[in-house]
Amino acid sequence: LLSEWATVTDDGDMLPIGARFLRVGIERGVDDDGGVRASCDQSSRNVSPLKGLWQQCEAIRALSRYAARHASPQADATLQRTLRFYKERFVDTEYGDVFAAPPRLDKGDAWKLDYHTVGMCLELMAREESNDE
């Protein structure tokens, strides 16, 4: 959001703030396997074992944006790990679509919407377009 705000308003002061938020999120919220924790406390202790779909999608979206638009090497390295985690755990390579919350095999319930997945895909497509230029 801060990256978009900086783009829309031409307020460059927001980019360093957004980069700091992202750095702390990476340090406290991304596990060694690349998965993004659903929640952790201020000491980085995992308070939930869940690594849900929307957390992965929104993290990938932010990481992709900062890697592509703001040349963040830390975001790019973390993006690759998180994408690998997402593809291995959430993508159903046999029947398509994504799982709501592995290891559960359901793909839909009252709480699963494609909002986060579509937003992630749009950001990744924008990254590819900027790489093509």
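Residues numbered from 1 in each chain as written. Predicted model: local features only at pLDDT ≥ 70, side-chain atom pairs only at ≥ 80, totals over all residues. Heavy atoms only, no water.

## Comments concerning the overall build of the protein chain
For clarity, the threshold we go by: Only DSSP runs of H or I with at least four residues qualify as helices, and only runs of E with at least two residues qualify as strands; both kinds are numbered from the N terminus onward. Within these notes, the globule rule equals 2.2 Å times the number of residues to the 0.38 power, and the radius of gyration is based on C-alpha atoms. Summary of the burial criterion: residues with accessible area below 20% of their type's maximum are buried, those above 50% are exposed, and those between are partly exposed, where the area comes from a 1.4 Å probe applied to protein chains only. Contacts between residues were defined by any pair of non-hydrogen atoms, one from each residue, lying within 4.5 Å. Each accessible area is a Shrake-Rupley result for a 1.4 Å probe, and residues are judged covered by the shown protein chains and nothing else.
Secondary structure summary: the protein chain contains five helices and zero strands in total. Each helix (α) and strand (β) of the protein chain, taken in turn from the N terminus, gives the series α-α-α-α-α. For the protein chain, the C-alpha radius of gyration of 15 Å lies close to 14 Å, the compact-globule estimate for 133 residues. Its C-alpha atoms give the protein chain principal-axis dimensions of about 45 × 40 × 25 Å. Looking at the protein chain as a whole, 36% of its 133 residues are labelled buried. In the protein chain, the proportion of contacts linking residues at least 24 apart, taken out of those at least 6 apart, comes to 48%. Accessible area of the protein chain: about 8,400 Å², with a carbon and sulfur share of 56%.

## Regarding unusual backbone geometry
A negative phi holds for most residues other than glycine; trans holds for most peptide bonds. The omega torsion of the bond from Pro-102 to Pro-103 falls at 15°, within 30 degrees of zero and hence cis. Positionally, Pro-103 belongs in the loop between helix H4 (73-89) and helix H5 (115-132). Unlike most non-glycine residues, Ala-71 shows phi in positive territory, near 50°. Note on placement: Ala-71 falls in the loop between helix H3 (53-69) and H4. At Asp-97, a residue that is not glycine, the phi angle is positive and equals roughly 70°.

## Section: the packing of helix H1 (residues 2-9) against H3
We count it as follows: Orientation is described by axes fitted as lines to C-alpha atoms, over the contacting stretch for helices, and by angles from 0 to 180 degrees between their N-to-C directions. We call two directions roughly parallel when the angle between them is under 35 degrees, roughly antiparallel when it is over 145, roughly perpendicular when it lies between 65 and 115, and oblique otherwise.
The contact between H1 and H3 brings their axes to 10 Å, and the two run at 45°. Regarding the angle of H1 to H3, the classification is oblique. Residues Leu-2, Ser-3, Glu-4 and Thr-7 of H1 pack against Arg-65, Tyr-66 and Arg-69 of H3.

## A look at the side chain of Arg-127
If you trace the backbone, Arg-127 turns up in helix H5. In this structure Arg-127 comes out as buried when scored by relative accessible area, which is 14%.

## What about the nonpolar core?
Test applied: The definition of a nonpolar core used throughout is a set of buried Ala, Val, Leu, Ile, Met, Phe, Trp, Tyr and Cys residues joined through side-chain atoms within 4.5 Å.
Core analysis: the biggest nonpolar cluster contains 17 residues, and Leu-22, Leu-53, Ile-60, Leu-63, Ala-75, Tyr-86 and Met-120 have the highest contact counts within it. When contributions to this core are tallied by element, the ones reaching two or more residues are helix H2 (14-29), H3, H4 and H5. For this core, the leading source of residues is H3, giving six residues.

## Focus: the side chain of Thr-117
Within the element layout of this structure, Thr-117 appears in helix H5. For Thr-117, a relative accessible area of 12% translates into the label buried. In this view, Thr-117 contacts Leu-53, Cys-57, Tyr-86 and Val-98; residues no more than four positions away in its chain are not counted.

In short, geometric facts, not functional conclusions.
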